[in-house]
Amino acid sequence: MLKLLEGIILDMVDKNLEVYKISPIQSIFCKLLGVFLVLAGLGHLSWLRQEFLAQVPSWMPIDGGLIVVISGIVEIILGVGLIILPGKYRVIAGWATAAFFVIIFPCNISQYVNRIDAFGLNSDLSRLIRLFLQPVLVIWALWSTGAWQALRNRKSGKSTGE
């Protein structure tokens, strides 16, 4: 039954997306990012809710509280995925995590532009520095999961197994 389920899941994934081996250091950083996301997601749902709510731009068409809860759940799912998913699924989780970091970037911009104090970012300089952390998170997600390597190999027609 497990093999059948695995076959069905594999059929749902893009056949051109290969399984890529990552180095032990990439694996450590992938799991570390996963733990960070799970903790941030739990924070969204509990002790850091007000801090995250302060970052939600006022122009968002959805209730800020709902955005905080949904993004927290998404972070937990992505974090668990980074921790436990192997191979091609890890690569997919890497792309999804990078996309998530891009999607939430307007919240960081809003915090800077509107001079919102949250997470100890209580100066323009600290909020500006935080803006530059977001691209680092995107790069971290793509590098540590092997997503960049998978894309490069796919474009060049290479295939490496895990």
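Description of the structure in this document.

Quick notes on the rules
Residues numbered from 1 in each chain as written. Predicted model: local features only at pLDDT ≥ 70, side-chain atom pairs only at ≥ 80, totals over all residues. Heavy atoms only, no water. Helix = DSSP H or I, 4+ residues; strand = E, 2+ residues; numbered from the N terminus. Buried < 20%, exposed > 50% of the residue type's maximum accessible area, 1.4 Å probe, protein only. Contact = heavy atoms within 4.5 Å. Polar contact = N/O pair within 3.5 Å; in protein donor to acceptor, adjacent residues only side chain to side chain. Axes fitted to C-alpha atoms, helices over the stretch in contact; angles between N-to-C directions. Parallel < 35°, antiparallel > 145°, perpendicular 65-115°, else oblique. Left-handed = near helix turned anticlockwise from the far one by under 90°. Phe/Tyr/Trp six-rings, centres within 6.5 Å; stacked < 30°, edge-to-face > 60°. Core = buried A, V, L, I, M, F, W, Y, C linked by side-chain atoms within 4.5 Å.

The next point concerns the environment of R127. As for its position among the elements, R127 is in helix α7 (residues 124-144). R127 gets classed as buried once you look at its relative accessible area, which sits at 4%. Considered as a pair, R127 and I109 are 18 residues apart in the sequence and their alpha carbons are 8.6 Å apart. Residues within four places of R127 in sequence aside, it is in contact with Q111, Y112, R115, I116, D117, L121 and N122. At 2.7 Å, the side chain of R127 and the side chain of D117 are in polar contact.

Moving on, we get to the packing of helix α2 (residues 24-45) against helix α5 (residues 87-103). α5 packs onto α2 with a crossing angle of 50° between their chain directions and a minimal axis gap of 12 Å. With respect to α5, the element α2 is oriented oblique. Regarding α2 and α5, the two cross each other, and that crossing is left-handed. Contact residues: C30, L33 and L37 in α2; R90, T97 and F101 in α5.

Moving on, we get to the packing of aromatic side chains. Taken as a whole and judged by the stated rule, the model has 3 aromatic pairs. Aromatic pair F29 and W140: ring centres 6.0 Å apart, planes at 70°, arrangement edge-to-face. Of this pair, F29 sits in helix α2 while W140 sits in helix α7; the two residues are 111 residues apart in sequence, bridging distant segments of the chain. Considering the side-chain rings of F29 and W143, the 5.8 Å spacing of their centres and the 70° angle between planes classify their relative orientation as edge-to-face. Of this pair, F29 sits in helix α2 while W143 sits in helix α7, placing them 114 residues apart in sequence. Pairwise contacts between aromatic rings join F29, W140 and W143 into one cluster.

A word on the nonpolar core. Of all hydrophobic cores here, the largest spans 16 residues; its most connected members are L33, L37, L82 and F101. Among the secondary structure elements, those contributing two or more residues to this core are α2, α4 (64-84), α5, α7 and α8 (147-156). It is α5 that provides the largest number of residues to this core, a total of 5 residues.

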